[in-house]
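Structure at a glance
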Amino acid sequence: MISEIVPEISKIGWRFDNSYARLPKMMMTRLEPVPVQIPKLVILNHELSKELGLDFSALNDEHVALMFAGNLLPQGSESIAQAYAGHQFGHFTMLGDGRAIVIGEHLTPDNKRVDIQFKGSGRTPYSREGDGRAALGPMLREYIISEAMHKLGISTTRSLAVVKTGEYVMREKSLPGAVLTRVAASHIRVGTFQYVAMSGDVKILRELVNYSINRHYPNLQDTKNPALALLKVVMEKQAELIVNWMRVGFIHGVMNTDNMTISGETIDYGPCAFMDTYNPETVFSSIDYQGRYAYINQSIIAQWNLFRFAETLLPLIHDKKNIAIKLAEEIINSFSEIYKKRWLEMMRKKIGLFREENEDETLITTLLSWMQKNKTDYTNTFCSLIKKDLLKDKLFEGTTFLNWYKQWQTRITKNKKPLESSLNLMRNTNPLIIPRNHKVEEVLHAASNKGDLMPMYNLLEVLQKPYEERSEIIAYQYPPTPSEQVYQTFCGT
Ligand code: AMP
Ligand code: MG
């Protein structure tokens, strides 16, 4: 028993209750992380530890590292690799946790249930040709961006820790290996449903629907048609999520169906990045040759993924397939309208508008077209609109902008609220700081290649309060210079 080897491990406060592990066997493989050679703690998220009711202070760094590497499993953990499938860039594939292990579900002090997952924890039956491992850079990247997303107020998985493994992983070159501890409401994905639906076992599918409802949407427990209700709520959650991504200029980069959660959390930070210059066609991922997952396509892809989700649920929606299809289509077809409505609501907030007026959409799209034409910075342009001396800035001199500005001012008078309310709305909607890609790359380079973690700690610190004007953030607000510009991001698998 582990706690006999390191008694302090029992003082951390883990409260495991592993409900997923009790689901049918075909949905997972029970196995433990493959131990690593010389685990070393790189970063531990103290704030998140506290939220989770975990206290690592009784353990020395070595033991903390052993635990987050998966070499020492806490008592109560039942580790599993989950099976799932997914449409990757439109093509259906059988997948599964090829380099991740859920060590269990932890109950927080307020009884919230979260998955604790190690990513980069060694080979599993789902690894295919992969080595089951992860490199330090991409794991720190997930840590930085997921935590930034959380602080931006966007639903996301969290990052609790990163440890170096003391081993090297072979990618284009040899890189230091690492394990990330990911905390998620669950790891149930559209791909999980695709996997179960593929098996043709409707009983297990029903069990998965009920499980998902109990875990994420308990208020739907007594509904007449659970599958249909689940479809609807997931559709709404995804609409909300994508609108939030659009708000801050986030581009996920790999919106495959295995990377879309049922909980509505953003998951799997691979080649994701934040847009600097406003261009709706922006793509960063080196493997997204056709721009399938470009900034502007994200809502269309979300809807495409939801259709795939709906397909898995058909046998449970209605006995008659044609009726099931009709009912599911009605829901997924409403996505565009719901998304559009929420997107407009969000954009209104970005420019400080209360109420709804007919001219709002044109006002918003005119601004966006101007931004695109003038290649302005997405984040900074909205922040500039909050400033009193906006028109003194050379960028806003042209007549196209001035015309827009006048219309905007007229529209603001229709708010029938003090100007300060409008400014506050804008301040709370438009982040002053995002994890700009060139900054992320800079700190990852220092961490991975030079072993210097200070730049990363500094970046994480400024990302803590993205809506607050503070002198520390200024150096991080500038868009990249041409030489700093990062055009491509890599999955780093
Ligand atoms: P992702 O693109 O990160 O969503 O991963 C897609 C699939 O590839 C998932 O099933 C992963 O578990 C698997 N995978 C990614 N990298 C590796 C790796 N290094 N070894 C084994 N499986 C991997
Ligand atoms: Mg994935």
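Quantities reported herein were computed from a predicted structural model and do not represent experimental measurements.

1. Notes on the overall build of the protein chain
Within the protein chain one finds 16 helices and 12 strands. Taking 493 residues into account, the globule formula puts the C-alpha radius of gyration at 23 Å, and the protein chain, at 23 Å, falls close to it. Per-residue burial over the protein chain gives 58% buried out of 493 residues. For the protein chain, the accessible area works out to roughly 21,600 Å², and carbon and sulfur atoms hold 52% of it. The averaged location of the 55 negative side-chain charges in the protein chain is 4 Å from the averaged location of its 58 positive side-chain charges.

2. Overview of the site of ligand 1
The immediate surroundings of ligand 1 are formed by 18 residues, with G96, G98, R128, G132 and D268 found nearest. Between G98 and ligand 1, the recorded distance is 2.7 Å, taken from a backbone N or O atom to an oxygen atom. In the model, a nitrogen atom of ligand 1 is placed 3.3 Å from a nitrogen or oxygen of the R133 main chain. Taken together, the residues of the shell around ligand 1 break down into 2 nonpolar, 8 polar and 8 charged.

3. Quick notes on the coordination of the magnesium ion (ligand 2)
In this structure, N259 (OD1) and D268 (OD) serve as the protein donors to the magnesium ion (ligand 2), at separations of 1.9 to 2.2 Å. Given a relative accessible area of 18%, D268 falls into the buried group.

4. Looking at the nonpolar core
The biggest cluster of nonpolar side chains holds 128 residues, and the ones touching the most others in it are F68, F193, L230, W343, I351, L385 and W408. Residue contributions to this core peak at 15 residues, all from helix α7 (residues 226-248). Leave out the neighbours within four places in its chain, and L230 touches F193, V209, S212, I213, Y217, L220, I262 and F309. One finds L140, M456, L460 and V462 within the second-largest nonpolar core, a separate group that totals 26 residues.

5. Topic: the pairing of strand β5 (residues 91-94)
Regular strands place side chains that alternate from one sheet face to the opposite one. As judged from the 4 bridges shared by strand β4 (residues 85-88) and β5, these two strands associate in the antiparallel manner. Looking across to β5, one finds that H87 is bridged to F92. The antiparallel pairing of β4 with β5 creates a hairpin that spans 2 residues between the two strands, and F89 there sits at a positive phi of about 45°.

6. A short note on the side chain of N259
Counting through the fold element by element, N259 comes out in the loop between β11 (250-251) and β12 (273-274). One polar contact links the side chain of N259 to the main-chain carbonyl oxygen of V254, over a distance of 3.0 Å. Discounting chain neighbours no more than four positions away, the residues touching N259 are R189, H252, V254, I267 and D268.

7. What to know about a nonpolar patch on the surface
A contiguous nonpolar patch, built from F92, M94 and M198 and spanning about 280 Å² of accessible area, is present on the exposed surface. Position of M198 relative to the elements: it lies in helix α5 (residues 190-199).

8. Some words on helix α13 (residues 419-429)
Along α13, the residues that are buried comprise S422, L423, L425, M426 and T429. Projected down its long axis, α13 carries its buried residues within an arc of 155°, all on one side. Those residues of α13 that are buried lie in contact with α7, α9 (321-350), α11 (378-384) and α12 (399-413).

9. Topic: the packing of aromatic side chains
Any aromatic ring pair is given by two values, namely how distant the centres are and how the planes are angled relative to each other. Scanning the model with the defined rule gives 21 aromatic pairs in all. Ring centres of F193 and F309 lie 5.0 Å apart, and the angle between their planes is 80°; this geometry places the pair in the edge-to-face category. Of this pair, F193 sits in helix α5 while F309 sits in helix α8 (residues 298-317), and the two are 116 residues apart along the sequence. There is no split in this pair, since F193 and F309 are both buried. Measuring from ring centre to ring centre gives 5.3 Å for W245 and F250, while their planes differ by 70°; the resulting arrangement is edge-to-face. Accessibility expressed as a relative area gives 4% for W245, which makes it buried. Overall, the relative accessible area of 0% leaves F250 in the buried class. An aromatic cluster is built from W370, F396, F401, W404, Y405 and W408, whose rings are joined through pairwise contacts. Sitting over the ring of W304, R308 keeps its end group 4.4 Å from the ring centre.

10. Things to note about the pattern of salt bridges
For the coordinates displayed, the defined rule picks out 34 salt bridges. Note that E51 and R158 form a salt bridge whose closest N and O atoms lie 3.4 Å from each other. Of this pair, E51 sits in helix α2 (residues 46-52) while R158 sits in strand β9 (residues 158-170), and the two are 107 residues apart along the sequence. Given a relative accessible area of 39%, E51 falls into the partly exposed group. A salt bridge links R141 to E441, with the shortest nitrogen-to-oxygen separation between them at 2.8 Å. With R141 in helix α4 (residues 136-151) and E441 in helix α14 (residues 437-450), this pair connects stretches of sequence that are 300 residues apart. According to the relative accessible area criterion, R141 is buried, its value standing at 4%. Put simply, D17, R22, E105, R113, D115 and R215 are held in one network by salt bridges that share partners.

11. Some thoughts on the packing of helix α6 (residues 202-216) against α7
Helix-helix packing is characterised by the crossing angle of the two axes and by the distance between the axes. Between α6 and α7, the least distance of the axes is 10 Å, while the angle of their chain directions is 50°. Here α7 runs oblique to α6, going by the angle between their axes. Remark: the crossing between α6 and α7 carries left-handed chirality. Touching V209, N210, S212 and I213 of α6 are P226, A227 and L230, all from α7. Class assignment for the residues of the contact of α6 with α7 results in 5 nonpolar, 2 polar and no charged.

What counts, and at which threshold
Residues numbered from 1 in each chain as written. Chains lettered and ligands numbered in written order. Predicted model: local features only at pLDDT ≥ 70, side-chain atom pairs only at ≥ 80, totals over all residues. Heavy atoms only, no water. Helix = DSSP H or I, 4+ residues; strand = E, 2+ residues; numbered from the N terminus. Rg over C-alpha atoms; globule rule 2.2 N^0.38 Å. Buried < 20%, exposed > 50% of the residue type's maximum accessible area, 1.4 Å probe, protein only. Areas by Shrake-Rupley, 256 points an atom, 1.4 Å probe, with all protein chains shown as cover. Lys, Arg positive; Asp, Glu negative; His and termini not counted. Charge placed at Lys NZ, Arg CZ, Asp CG, Glu CD. Near = heavy atom within 4 Å. Polar contact = N/O pair within 3.5 Å; in protein donor to acceptor, adjacent residues only side chain to side chain. Nonpolar A, V, L, I, M, F, W, Y, C, P; charged D, E, K, R; others polar. Donors = N, O, S within 2.8 Å, 3.2 Å for Na, K, Ca; no water. Core = buried A, V, L, I, M, F, W, Y, C linked by side-chain atoms within 4.5 Å. Contact = heavy atoms within 4.5 Å. Pairing = 2+ DSSP bridges. Patch = residues over 30% accessible without salt bridge, like charges linked within 9 Å, V, L, I, M, F, W, Y side chains within 5 Å. Salt bridge = Lys/Arg side-chain N within 4 Å of Asp/Glu carboxyl O. Arc of directions from axis to C-beta. Phe/Tyr/Trp six-rings, centres within 6.5 Å; stacked < 30°, edge-to-face > 60°. Lys NZ or Arg CZ within 6 Å of the ring centre and 35° of its normal. Axes fitted to C-alpha atoms, helices over the stretch in contact; angles between N-to-C directions. Parallel < 35°, antiparallel > 145°, perpendicular 65-115°, else oblique. Left-handed = near helix turned anticlockwise from the far one by under 90°.

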